[in-house]
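# Structure at a glance
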Amino acid sequence: MCGIFGITLDSETNLGALLRRALERLEYRGYDSAGIAVVAPSGVLVKKDAGKVAEVAQRLGFDHVKGATGIAHTRWATHGRPTQTNAHPHVDCTETIAVVHNGIIENYEELKSELIAKGHKFRSETDTEIFAHLMEEYERMGLSPWEAFKRALSRIRGAYALAVVDSKEPDKVFFARNLSPLIVGVGDRFNLVASDVPTVLDHTNRVIPLRDGEYGFITSRVIHVEYDGVPVRVEERVQTIPWSADQAMRGGYPHFMLKEIHEQPEAIASTIAGLEPRRLAEIAEMLLSAHKIYVVGAGTSYYAGLVFQLGLVSYKLAAVPIIASEYGTYEGLFDKGDTAIAISQSGETIDTIRAVRALRERGVRVVAVTNVVSSTLARESDLVLYTRAGPEIGVAATKTFTTQVTLLSALHMAIGRALGVDVSPQEAALKRLPEVARKTLELNEGTAKEVAEKMAANQSAYYLSRGVGMPVALEGALKMKEIAYIHAEAYPAGESKHGPIALVENKFPVVFVFSDPSLKEKLLNNVAEMAARDATIIGVIPRGDDVAKKLKYAFEAPHLDPMLNAATFVIPLQLLAYYTAIKLGRDPDKPRNLAKTVTVE
Ligand code: F6R
C-alpha cells in the first residue's frame, strides 16, 4: 500500500511534472493523499495534501517545480487519517531532510518518545516522520547524511521501502527495503527508485529489484547498495523488462480494469507459450511424492488455488487449501516431505510471504506461482512457475485469475501424464483457451451492460455453484463487492437451503455458475428453488445449453472442460462487476479502502 518514487538527474529539469507522472502511475497503490519533495538550495521544498494525485498536483502546482533530485509518495493510510499533515513526504525540524515510506515502522512510538525528549517537534501522527528526525539527530551528532541514514535504519523495525533526500547532499536519494517492494531503475545520467516496474518503465527498462535488508543511495551516475555493511555487486542483477511503458498504460480504455479484462486472451496465450514442460513434470513428481500438499494464497489468488485443489481430487490427491493470513492455524501440519503451491500475482503479498517462510522453516518445499519475475515470493521459493499476464494495474485482479487457472490447469495435466492418464483432450482444450476467452468476451459484453442495470438497483446478491464452479462464484462475488460495493455472497448451491435462502425475495439477484455439465441437473434444482421465491436468476452457462430457458439472463461461454472453464466462465462476472460499478458511478480502478498489493498484515 502506498507508492514511493525517487529520482536524481544530472541537471535541473521540470521535476515536479516528472514526479506527478510517477505518482499517477503509482496511484493504484494508494490514493488518499499525494506529495513531493524536491531538493532546493536552502532545504527541501515539500508540496503535499490529502486527495487524489491529479487534484493535489493541480491545486499545489506540482508542474511548476524545477529541480534535479526529488521524491514522491501516494498514500494509503495506515497510521493517521488522510490529512495534509499526515501526507508524505515528512521532514525533520530543520526541513532539510524529507522522507517517503511504504510500510509500517513497528517501534515508532518508542523512537518518537525518545526524539521528543531530545527536543524534536513532530507535525504528524505517522510512523514515518520519526525517520526524518532520527537522521537529523544523528547529523546533529556529527554524522554525514549517509552515515546518519544508516544509523537511523539500524534503529527501526518493521516493513519498509524508504526514499530520502537531504539538501546537505543534494545529488543523492537514499533508499532502503525490508518487506515492502522497491526497485532501482538504471538510467543514462539519471537513476531512480520506485515501488513497482510500470513506474520505472516510463524512464528505463533496466531494473534491479532490491532484496530485503538492502539499502544504499543513487546519484545520477552511481548506484550504491549495501547489505549489513557490505557493498553488494548489483550490476550483475540488472534485468531488462520486456514490457513496454504502453503496455502498462490504459491504451484507449476508460479504465485499467476494462483494458485488463480485454487483455485476457493474450495473457492466457502468453502464459501457455511460456509453459515449461520439464519444470511442470518435475513439480508434478514433487506433488505426487509429497506427504501432504498445501495450496496457499490470498483473495483472487486463493480462489485460483481452489480450482487446482478441487481439480486434484480427480487424481485422488487431497490438498489442504490455506488462506495465506490463516497459515498460523495450520503450522502444526507443516513437515518435511510436504509440498506447497504458493500463489500470488504480485509476489509481494505479505500474508503469502509469511506463510511461505513458515512452510520453508519447517522443511516444506514451496513452488511459487507468480506474475512478477524477481518478486520476493519468486526468490524465496524452491521452484517458480510464472504466469505471463503482463502488468496488472487495476486494483481488482482479473488477468491474475485467468492466467493462474491456465497455469495450474497445465500443472494438473502434467500430474495426469505422470500418472499415465490420457490428458490429450485437456491439452487440446488448453490450446483453444485463448480463442475461447476472446469469444467469451465478444458474447457477453452487451449482456453484462444489460444485467448491470438491474444489478445496480440491489444491495445484495448470491453467487451459487457446485464443484469447480465454486471458486468462480467466489471470484465473481469478490469482484462485485470490491468495485461495485454490492454485498455479494458466494455459496455452494446446495448449502443455500441451509440458511442463505431466507434472504431471497422478489427480484433478489442470484447468479449461477454452470461450468461443470455433470452438475447441471443438481444446480437446476437450486435454480427452481430460487425461482419459486421470485429471485432474478442469472446464469453463466455453456454456449447453446438449454439451461438458458430457465434463466432471466444468460451469459454464455464455449465449453472446454470443467477446470479450464473456470478461466472463461469468470469473464462475464468480471464484466458484470465492472459495468455495475460504472452504472453506480464508482471508480473501478480505485475501489475505496483497497490497495493493489497488500504489504501489511
Ligand atoms: C481481488 C484482489 C485481491 C488480491 C490479493 C492477493 O481483486 O485483487 O484479493 O487477489 O490481495 O494478491 P496477490 O495475488 O498479488 O498475492
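Since the structure is predicted, the reported quantities are computational estimates derived from the model, not experimental observations.

Reading guide: rules and limits
Residues numbered from 1 in each chain as written. Predicted model: local features only at pLDDT ≥ 70, side-chain atom pairs only at ≥ 80, totals over all residues. Heavy atoms only, no water. Helix = DSSP H or I, 4+ residues; strand = E, 2+ residues; numbered from the N terminus. Rg over C-alpha atoms; globule rule 2.2 N^0.38 Å. Buried < 20%, exposed > 50% of the residue type's maximum accessible area, 1.4 Å probe, protein only. Areas by Shrake-Rupley, 256 points an atom, 1.4 Å probe, with all protein chains shown as cover. Lys, Arg positive; Asp, Glu negative; His and termini not counted. Charge placed at Lys NZ, Arg CZ, Asp CG, Glu CD. Salt bridge = Lys/Arg side-chain N within 4 Å of Asp/Glu carboxyl O. Contact = heavy atoms within 4.5 Å. Axes fitted to C-alpha atoms, helices over the stretch in contact; angles between N-to-C directions. Parallel < 35°, antiparallel > 145°, perpendicular 65-115°, else oblique. Nonpolar A, V, L, I, M, F, W, Y, C, P; charged D, E, K, R; others polar. Near = heavy atom within 4 Å. Polar contact = N/O pair within 3.5 Å; in protein donor to acceptor, adjacent residues only side chain to side chain. 1 Å grid on protein atoms, 1.4 Å probe; cavity = no way out; pocket = protein on both sides within 12 Å on 5 of 7 lines; lining within 4 Å. Sits in = over half its atoms within 2 Å of the grid points. Domains from an automatic or database assignment. Pairing = 2+ DSSP bridges. Right-handed = clockwise from strand over helix to strand, strands pointing away.

### Examining the overall build of the chain
- When helices and strands are tallied, the chain shows 18 helices and 25 strands.
- In terms of C-alpha radius of gyration, the chain reaches 25 Å, essentially the compact-globule figure of 25 Å for 601 residues.
- For the chain, the C-alpha atoms occupy an extent of roughly 80 × 50 × 45 Å along the three principal directions.
- Burial status across the chain gives 62% buried among its 601 residues.
- Roughly 22,300 Å² of accessible area belongs to the chain as shown, and the carbon and sulfur atoms make up 49% of that amount.
- For the chain, the distance from the average position of its 68 positive side-chain charges to the average position of its 73 negative side-chain charges is 2 Å.

### Comments concerning the pattern of salt bridges
- Tallied over the full model, the rule gives 38 salt bridges.
- The salt bridge involving Glu169 is made with Lys172; its shortest N-O contact spans 2.9 Å.
- Judged by its relative accessible area of 15%, Lys172 falls in the buried class.
- The closest approach of N and O atoms between Lys292 and Asp338, which form a salt bridge, is 3.3 Å. Of this pair, Lys292 sits in the loop between helix H9 (277-289) and strand E16 (293-297) while Asp338 sits in the loop between helix H11 (327-330) and strand E18 (339-344), and the two are 46 residues apart along the sequence.
- Where salt bridges share partners, they join Arg177, Asp212, Glu348, Arg357 and Glu380 into one cluster.

### Side note on the environment of Ile268
- Position of Ile268 among the secondary structure elements: in helix H8 (residues 264-273).
- On a C-alpha basis, the gap between Ile268 and Val367 in space is 20 Å, while along the polypeptide they are 99 residues apart.
- If we ignore the near neighbours within four places in the chain, the residues touching Ile268 are Thr402, Thr403, Thr406, Leu433, Pro434 and Ala437.

### Some words on the packing of helix H10 (residues 299-312) against helix H16 (residues 470-484)
- With their axes 9 Å apart at the nearest point, H10 and H16 run at an angle of 170° to one another. Classified by the interaxial angle, the pair formed by H10 and H16 is roughly antiparallel. Residues Gly299, Thr300, Tyr303, Leu306, Val307 and Leu310 of H10 form the contact with H16, whose own contacting residues are Pro471, Leu474, Glu475, Leu478 and Lys479.
- A per-class count over the contact of H10 with H16 returns seven nonpolar, two polar and two charged.

### What about the site of the ligand?
- Around the ligand, the structure places 14 residues, and the nearest of them are Ser301, Ser344, Ser346, Thr349 and Glu482.
- Between the ligand and Thr300 there is a distance of 3.1 Å, counted from an oxygen atom to a backbone nitrogen or oxygen.
- Within the complex, the protein chains bury 91% of what would otherwise be the 410 Å² of accessible surface of the ligand.
- At a threshold of 2 Å from the grid points, most atoms of the ligand map onto the second largest pocket.
- Within the residue set of the shell around the ligand, elements represented by two or more residues are H10 and H16.
- Split by residue class, the shell around the ligand holds five nonpolar, seven polar and two charged.
- Looking at which domains feed residues into the shell around the ligand, each of domain 2 (253-421) and domain 3 (439-587) supplies at least three.

### A short note on unusual backbone geometry
- A cis amide bond links His88 with the next residue in sequence, Pro89, at an omega value of 0°.
- Look at Tyr485: it is not a glycine, yet its phi comes out positive at around 60°.
- Assignment of secondary structure puts Tyr485 in the loop between H16 and strand E22 (487-492).
- Even without being glycine, Lys507 reaches a positive phi, approximately 70°.

### A word on the sheet that holds E22
- If you walk across this open sheet you meet the five strands as E22-E21-E23-E24-E25, and the pairing is parallel. At either end of the open sheet lies a strand with only one pairing partner, and these are E22 and strand E25 (553-557). Shown here is a sheet whose adjacent strand axes are inclined to one another by a mean of 20°, direction ignored.
- Both strand E21 (residues 460-465) and E22 contribute to a ladder of six bridges, which runs parallel. Among the inter-strand pairings, Tyr463 is bridged to a residue of E22, identified as Ala490.
- Of the strands in this sheet, E21, strand E23 (509-513), strand E24 (536-542) and E25 touch helix H15 (residues 424-455), which is tilted by about 160° from E25.

### Some remarks on the domain arrangement of the chain
- Entries for the chain in the domain assignment read domain 1 (3-248), domain 2 (253-421) and domain 3 (439-587).
- A separation of 44 Å is found between the C-alpha centroids of domain 1 and domain 3.

### Structural notes on the pairing of E16
- Burial of E16 is extensive: five of the five residues sit out of reach of the surface.
- Burial of the side chains of E16 extends over both faces: Ile293, Val295 and Gly297 are buried on one face and Tyr294 and Val296 on the other.
- Note: E16 against strand E17 (residues 319-323), five bridges, orientation parallel. Note that in E17 the partner of Ile293 across the bridge is Ala319.
- Regarding topology, H10 serves as the crossover connection from E16 to the parallel E17, and that connection is right-handed.

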